[in-house]
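As a plain string of letters, each chain reads:
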Amino acid sequence: IWLAVLPALVAANLWMGAAPAAAADIPPGVQLHPTQTMVRNNGSEPETLDPALAESVGANNIIRDLFEGLTGMDSRGRVVPGVAQSWSQTNPTTWVFRLRPNAKWSNGDAVTADDVVYGIRRFVDPKTGSKYAQTFGAFLLNGLEVAQGKKPPAEVGVRAVDRLTVEIRTPYPVGFLPSVVSNNQLGPIHRATVEQHGRDWTKPGRMVGNGAY
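Predicted model, so just to flag it, every value in this text is computed and none were measured.

> Help me understand the overall build of the protein chain in this model?
Regarding its fold elements, the protein chain presents seven helices and six strands. Counting from the amino terminus, the protein chain carries its helices and strands in the arrangement α-α-β-β-β-β-α-α-α-β-β-α-α. By the burial criterion, 44% of the 213 residues in the protein chain qualify as buried. If you sum the accessible surface of the protein chain, you get close to 11,200 Å²; carbon and sulfur atoms cover 54% of it.

> Even after reading the chapter, I still don't get the pairing of strand S5 (residues 158-162), so can you show me in this structure?
Every other side chain in a regular strand lies on the same face of the sheet, so the side chains alternate between the two faces. Bridge count between S5 and strand S6 (residues 165-169): four bridges; the pairing is antiparallel. If you follow Asp162 over to S6, its bridge partner there is Thr165. Between S5 and the antiparallel strand that follows it, S6, lie two residues.

> I keep staring at the pattern of salt bridges and nothing clicks. Help me out?
Close approach of charged atoms allows side chains with opposite charge to pair. Tallied over the entire structure, the rule returns eight salt bridges. Glu55 is paired through a salt bridge with Lys131; the nearest N and O atoms lie 3.8 Å apart. Of this pair, Glu55 sits in the loop between helix H1 (2-10) and helix H2 (57-66) while Lys131 sits in the loop between helix H3 (113-124) and helix H4 (133-137), and the two are 76 residues apart along the sequence. Relative accessible area serves as the criterion here: at 63%, Lys131 is assigned to the exposed category. Note that Glu195 and Arg191 form a salt bridge whose closest N and O atoms lie 2.7 Å from each other. With Glu195 and Arg191 both in helix H7 (residues 191-197), this residue pair falls four residues apart, about one helical turn. The exposure class assigned to Glu195 is exposed, which follows from its relative accessible area of 54%.

> Just checking my understanding: could you explain the sheet that holds strand S3 (residues 84-91) for this structure?
The strands making up a sheet associate through backbone hydrogen bonding, with each pair oriented either parallel or antiparallel. The strand order S3-S4-S6-S5 describes an open sheet built from four strands, whose pairing is antiparallel. Edge positions in the sheet fall to S3 and S5, since each has one partner strand and no second. The average undirected angle you get between the axes of adjacent strands in this sheet is 25 degrees. Relative to strand S4 (residues 94-99), S3 runs antiparallel, the two being bridged by six bridges.

> Honestly, a nonpolar patch on the surface in this entry has me stumped. Any pointers?
Taken together, the side chains of Ile26, Val30 and Leu32 make up a nonpolar region of the molecular surface, amounting to roughly 230 Å² of accessible area. Relative to the helices and strands, Val30 resides in the loop between H1 and H2.

> Hey, could you run me through the packing of aromatic side chains in this one?
Working definition: an aromatic ring pair is given by the centre-to-centre distance plus the angle between the planes. A full pass over the atoms with the stated rule returns five aromatic pairs. Ring centres of Trp95 and Phe97 lie 6.4 Å apart, and the angle between their planes is 25 degrees; on these two criteria the pair is classed as stacked. Taken individually, Trp95 and Phe97 each receive the classification buried, so the pair is uniform in this respect.

> Help me understand the nonpolar core, please; the structure alone is not making it clear to me.
Within soluble globular proteins, side chains that are nonpolar generally end up buried alongside one another. By size, the foremost hydrophobic cluster in this structure holds 32 residues, and its most contacted members are Leu70, Phe97, Leu99, Val166, Ile168, Leu177 and Leu186. Listed by contribution, the elements that provide at least two residues to this core are S4, H3, S6 and helix H6 (177-180). When residues of this core are assigned to their parent elements, the largest contribution, six residues, is made by H3. Beyond its immediate chain neighbours, meaning those up to four positions away, Phe97 contacts Leu70, Thr71, Ala84, Ser86, Trp87, Leu164, Thr165, Val166, Ile168, Leu177 and Val181. In terms of nonpolar packing, the next biggest core, distinct from the first, is built from nine residues, Ala54, Ile63, Ile189 and Val194 among them.

> Explain H3 to me, please; I cannot follow it from the model alone.
An α-helical turn contains 3.6 residues, so a residue and the one three or four places further along point in the same direction. Its 12 residues place the ends of H3 17 Å apart at the C-alpha level, agreeing with the 16 Å of an ideal helix rising 1.5 Å per residue. In terms of burial, H3 is a largely internal element, 10 of the 12 residues being buried. Here H3 has its buried residues at Ala113, Asp115, Val116, Val117, Tyr118, Gly119, Ile120, Arg122, Phe123 and Val124.

The rules behind each value
Residues numbered from 1 in each chain as written. Predicted model: local features only at pLDDT ≥ 70, side-chain atom pairs only at ≥ 80, totals over all residues. Heavy atoms only, no water. Helix = DSSP H or I, 4+ residues; strand = E, 2+ residues; numbered from the N terminus. Buried < 20%, exposed > 50% of the residue type's maximum accessible area, 1.4 Å probe, protein only. Areas by Shrake-Rupley, 256 points an atom, 1.4 Å probe, with all protein chains shown as cover. Pairing = 2+ DSSP bridges. Salt bridge = Lys/Arg side-chain N within 4 Å of Asp/Glu carboxyl O. Axes fitted to C-alpha atoms, helices over the stretch in contact; angles between N-to-C directions. Patch = residues over 30% accessible without salt bridge, like charges linked within 9 Å, V, L, I, M, F, W, Y side chains within 5 Å. Phe/Tyr/Trp six-rings, centres within 6.5 Å; stacked < 30°, edge-to-face > 60°. Core = buried A, V, L, I, M, F, W, Y, C linked by side-chain atoms within 4.5 Å. Contact = heavy atoms within 4.5 Å. Expected span 1.5 Å × (residues − 1).

Here it is, written out as structure tokens:
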């Protein structure tokens, strides 16, 4: 099962917080096309743009542009900051992630630790219906039991220590947890948007994301 979701973990995430790119230096006499558009072949139509429900590589390619997880992966497969600017393992089964204070949702709201807690609880909640809830829930304290409907989502091992600090507890030592949370399924979700629009929250004009686009 882990191999089925590996592409979503190892692909590079576009992450916010970098300095703005400088304008291109156009040589004298060069005429640009009147429409500057980049077309990227995605291979297939996405089945959903909901990070919790996405299964295909095509869907996750787009979702990584629209959403940013706690961490990301660079082109060499190394963990890099995402929404979290730093993280540390405080004991064998506890990790603390500190969010960037300038992280924003596309509607201007600040990205907070509560958004991460909501996103993870929603992901493992059986009512959401994610096919990967048990796969990744196994790395979270009570996550597998929540995904199986044996415990309520509030008991999954994630909490907001303060506005910009997330604590994640695991059922056993998970030294690679920073890689696991590069998956957008374990990232923040804008709760008000989901609660307002339900399953249609990813429709055009409704989606609120925190990614590069």
